[in-house]
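As a plain string of letters, each chain reads:
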Amino acid sequence: MPTPSDRGHNLLLGAGVVIGADVTFGANVVVHDDTVIGDGCFIQDGVVLGKVPSLSPRSTAKRGELEPLRLGDGCVVCTGAVVYRGTTLGRGCIIGDLASVRERCVLGESVVVGRGTCVEMETAIGDFTKIQSNCYITAYMVIEDHVFIAPNVMTTNDNFMGRTEKRFALEKGPTIRRGARVGGGSVLLPAVEIGEDAFVGAASVVTRDVPARTLVMGTPAKVVRGVPDEELLENQ
Amino acid sequence: MPTPSDRGHNLLLGAGVVIGADVTFGANVVVHDDTVIGDGCFIQDGVVLGKVPSLSPRSTAKRGELEPLRLGDGCVVCTGAVVYRGTTLGRGCIIGDLASVRERCVLGESVVVGRGTCVEMETAIGDFTKIQSNCYITAYMVIEDHVFIAPNVMTTNDNFMGRTEKRFALEKGPTIRRGARVGGGSVLLPAVEIGEDAFVGAASVVTRDVPARTLVMGTPAKVVRGVPDEELLENQ
Amino acid sequence: MPTPSDRGHNLLLGAGVVIGADVTFGANVVVHDDTVIGDGCFIQDGVVLGKVPSLSPRSTAKRGELEPLRLGDGCVVCTGAVVYRGTTLGRGCIIGDLASVRERCVLGESVVVGRGTCVEMETAIGDFTKIQSNCYITAYMVIEDHVFIAPNVMTTNDNFMGRTEKRFALEKGPTIRRGARVGGGSVLLPAVEIGEDAFVGAASVVTRDVPARTLVMGTPAKVVRGVPDEELLENQ
């Protein structure tokens, strides 16, 4: 059980928690067992770190022992956010207000997870990727470096929605390659791949793979043109 | 006013709260007056139970006395969730992180309400129904047993959006029959009925009733084919 | 640093906080420096007021000193909501459970911000406007008086999604004129204007301006007919 600490107002620290230099705690923070917090992190009011998942008896999520939650140096975890045990945040990540990051995720350096966004379990997110507010990042996704995901993007990973045995073999989240951008309110269907530096227009429904450096839009999303050179990642 | 209790860290209990055997409280939980918590429940960090609604002077929600909130045995209410007075949860329900369940809802046995999902007032949800993350379940809906609602599903109940008097008579949420499945990011228009074991493809906009055991998709959603036998509820 | 106050259970008040008459605090509220709370406000469990933004080094949001957060008389800030420094709420506003209102927003009288909704920075919202649950109101929007925004409405302000220098000049949120209504699950593209008393059907994608008193729907939204006289604001 976490016990009170005078390093913050109504701060609770679990057993084995490791706290780096110059860490700032807001009020009413709960840090569960074994969490490792790097130097210079800012953990804001009401944050919960290192939560152990409470899986439903019917959940298909992986069970078993989880590594401690580890926060790299200089991370900011904002008001009311919840970050689970078994996840690693690279240095300089920002987790927005009321956001969730589930277990077994690996976030690179300077990743931003926006306000209210949920990152489900076992998702990998590359360096400098920015996910804006209120997105839903499903389990088992791969999101590479320098990706930009606009607000309210939704992703899916299960075409069978909880029926049949074969779904377990086929469950797969989307993959988003380096430098791609996904517009606000878009929906990505299971297992689609968004190519490098591709651009998905706002409110699109992506039902098949998007080639690198192409712009798609619509329902279902169709190729419209190439991405202009001036917008390619290498030209920023 | 709730008063401090030593049954949990910074736990506040209102007047008349009844707590069963083997209940576990996380930190900073607030339990408002008269709430009844069944045996073996797990109430996680920062949860608020038994909240009395603060209705806007212009709200059309029903007023009047509310029964106490009742949680059946073995419920788990996850981090930061808010459950209102006047609602009943059956045994073994799981309410996800940062989810809300409003007043006068009745949830059956082993219902799952996903992370960040909002269930509005006076909605009934049947046994073993699973609502995933970030859904919006509007007021006055009926959702039967063994329904599966994927993440980010949105529902509506008012075609007049707050104008005219006749809207009060016509306000009606969707009905989702036993065993139906609704795909991620779909929108259900007011009063539509999703038939038994029907399947709504991801990102569909459902503007009319969906017959039992049929698969619909698109904007507006159209019938594509029947649901395969192997996916019917009776064959799981 | 905020310090404990006995005006509420585990209440923390920052330096220079001003509290009017008959203010009620729930449990575990944090009020940051200089916040001004009007008479008769109700600040519910777990609310954070006057938060200073933690901007990403790469964020394009405006920096600099922020005015104190000011709440007009009779405001209700509901469970777990977060309201930032630099914002002003008019009298009688209601901010729903788990909602966020960012810095430099100006809300008029009796504005409702629904459960889980996020209002980004520098957005102006007129008197009696009602934004329902789980909406995303982007930065730099103008929303006039008596607007009705149904649940899950999403808005966008950047066609370039973080690339090129010219985007800074072109970044612009939608404008929603007096009395307009926007249906549930709709997406508004950057810089569109929704005219006075216009009506956007549920689940529409609005890609161009909507004339006053017209009803649009679809993807992309097209004009269907005029709004019936009985539904115009002046006839309520």
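Residues numbered from 1 in each chain as written. Chains lettered and ligands numbered in written order. Predicted model: local features only at pLDDT ≥ 70, side-chain atom pairs only at ≥ 80, totals over all residues. Heavy atoms only, no water.

1. A short note on the overall build of chain A
Helix and strand counts for chain A come out as one helix and 31 strands. Taking 18 Å as the expected radius of gyration for a compact globule of 236 residues, we find that chain A reaches 19 Å, a close match to that expectation. Its C-alpha atoms give chain A principal-axis dimensions of roughly 60 × 45 × 20 Å. Sequence separation of at least 24 residues holds for 25% of the intrachain contacts in chain A that already meet a minimum separation of 6. For chain A, the accessible area works out to roughly 8400 Å², and carbon and sulfur atoms hold 51% of it. (Helix = DSSP H or I, 4+ residues; strand = E, 2+ residues; numbered from the N terminus. Rg over C-alpha atoms; globule rule 2.2 N^0.38 Å. Contact = heavy atoms within 4.5 Å. Areas by Shrake-Rupley, 256 points an atom, 1.4 Å probe, with all protein chains shown as cover.)

2. Side note on the interface of chain A and chain B
The partner chain B presents 44 residues to the 39 residues of chain A that form the contact. For the pair chain A and chain B, the two sides together bury roughly 2800 Å², of which 56% comes from carbon and sulfur. A salt bridge links Asp97 of chain B to Lys51 of chain A, with the nearest nitrogen and oxygen atoms 2.4 Å apart. On the surface where chain A and chain B come into contact, there are 12 residue pairs in polar contact (both at pLDDT 80 or more). Elements that contribute at least two residues to the side of chain A that touches chain B include exactly β8 (48-51) and β11 (82-84) of chain A. Tallied by class, residues from the side of chain A that touches chain B come to 19 nonpolar, 15 polar and five charged. (Buried area = accessible area lost by both parts, 1.4 Å probe. Salt bridge = Lys/Arg side-chain N within 4 Å of Asp/Glu carboxyl O. Polar contact = N/O pair within 3.5 Å; in protein donor to acceptor, adjacent residues only side chain to side chain. Nonpolar A, V, L, I, M, F, W, Y, C, P; charged D, E, K, R; others polar.)

3. Digging into the relation of the copies chain A and chain B
Take chain A, turn it by 120°, move it 0.0 Å along the axis, and it overlays chain B with an RMSD of 0.0 Å. Here the transformation between the copies is reduced to the relation of a three-fold axis. Mapped onto chain B, only 13% of the interface residues of chain A are again interface residues, and the two copies thus contact each other with different surfaces. (Least-squares fit on C-alpha atoms with pLDDT ≥ 70 in both.)

4. Some points on the side chain of Thr214 of chain C
Residue and element names in this part refer to chain C. In this fold, Thr214 is placed in strand β30 (residues 214-217). Take Thr214: its relative accessible area is 14%, and that puts it in the buried class. With near-sequence residues (within four places) excluded, Thr214 lies in contact with Ala198, Phe199, Val223, Arg225, Gly226 and Val227. (Buried < 20%, exposed > 50% of the residue type's maximum accessible area, 1.4 Å probe, protein only.)

5. Details of the relation of the copies chain C and chain B
Between chain C and chain B, which share one sequence, the superposing operator has a rotation angle of 120° and an axial displacement of 0.0 Å; the RMSD is 0.0 Å. Here only 11% of the interface residues in chain C have copies in chain B that are interface residues too; the copies meet through unlike faces.

6. A few points about the interface of chain C and chain B
Every contact between the two is made by 44 residues of chain C and, on the other side, 39 residues of chain B. Together chain C and chain B conceal approximately 2800 Å² of surface at their shared face, both sides included; 56% is due to carbon and sulfur atoms. Of all residues in chain C, His9, Asp45 and Arg115 of chain C give up the largest surface area on contact with chain B, accounting jointly for 16% of the area buried on that side. Run the count over chain C and chain B and you get one salt bridge. Counting the contacts that link chain C with chain B gives 12 residue pairs in polar contact (both at pLDDT 80 or more). Residue assignment for the side of chain C that touches chain B shows that the elements contributing at least two residues are β25 (181-182) and β28 (199-200) of chain C. For the side of chain C that touches chain B, the per-class residue count stands at 19 nonpolar, 17 polar and eight charged.

7. Re the packing of aromatic side chains
On inspection of all chains with the given rule, the structure shows zero aromatic pairs over all chains. Between Arg102 of chain A and the ring centre of Tyr84 of chain A, over which it is positioned, the NZ or CZ distance is 4.6 Å. (Phe/Tyr/Trp six-rings, centres within 6.5 Å; stacked < 30°, edge-to-face > 60°. Lys NZ or Arg CZ within 6 Å of the ring centre and 35° of its normal.)

8. Things to note about the sheet that holds strand β6 (residues 36-37) of chain A
All names here are of chain A. Judged by pairing direction, the sheet is parallel, and its nine strands sit side by side in the order β3-β6-β9-β12-β15-β18-β21-β24-β27 without closing on themselves. Every interior strand has two partners, whereas the edge strands, β3 (18-19) and β27 (193-194), have only one. Examined bridge by bridge, strand β24 (residues 175-176) and β27 share two bridges and lie parallel to one another. Each residue of the ladder has a partner; that of Ile176, found in β27, is Ile194. (Pairing = 2+ DSSP bridges.)

9. Section: the confidence of the model for chain A
Overall, the prediction assigns chain A a mean pLDDT of 94, with 96% of residues at 70 or greater. For this predicted complex, the interface score ipTM comes out at 0.95, while the overall pTM is 0.96. (pLDDT = per-residue confidence, 0-100.)

10. Quick word on the pairing of strand β8 (residues 48-51) of chain B
Residue and element names in this part refer to chain B. Strand direction decides the pairing type here: strand β5 (residues 30-31) and β8, joined by two bridges, are parallel. Within β8, the residue paired with Val31 across the bridge is Leu49. Where β8 lies against strand β11 (residues 82-84), three bridges are found, and the strand directions are parallel. Paired with Leu49 across the strands is Val83, a residue of β11.

11. Quick look at the sheet that holds strand β31 (residues 222-226) of chain A
As summarised here, the arrangement of the 11 strands in space is β4-β7-β10-β13-β16-β19-β22-β25-β28-β30-β31 (chain A), forming an open sheet in which the pairing is mixed. Each edge of the open sheet is held by one strand with a lone partner, namely β4 (24-25) and β31 of chain A.

12. Quick look at the environment of Asp145 of chain B
Residue and element names in this part refer to chain B. By the element assignment, Asp145 lies in the loop between β21 (142-143) and β22 (148-149). Taking the relative accessible area as the measure of exposure, Asp145 reaches 26% and is therefore partly exposed. With 16 residues separating them along the chain, Asp145 and Thr129 place their C-alpha atoms 5.5 Å apart. When sequence neighbours within four positions are dropped, the list of residues in contact with Asp145 reads Gly126, Asp127, Thr129, Arg178 and Gly179. Among the polar contacts made by the side chain of Asp145, one reaches the main-chain amide nitrogen of Asp127 at a distance of 2.8 Å.

13. Brief notes about the environment of Lys62 of chain B
All names here are of chain B. Along the chain, Lys62 turns up in the loop between β8 and β9 (70-71). Of the residues examined, Lys62 reaches a relative accessible area of 48% and is grouped as partly exposed. Along the backbone, Lys62 and Met121 are 59 residues apart, and their C-alpha atoms lie at a distance of 9.0 Å.

14. Side note on the pattern of salt bridges
Residue and element names in this part refer to chain A. Applying the stated criterion across every chain yields a total of 23 salt bridges over all chains. When the shortest N-O distance is used, the salt bridge between Glu120 and Arg102 registers 3.9 Å. Linking Glu120 in the loop between β17 (118-119) and β18 (124-125) with Arg102 in the loop between β14 (100-101) and β15 (106-107), this pair joins segments that are 18 residues apart in sequence. The pair Glu120 / Arg102 is uniform in exposure class, with both members buried.

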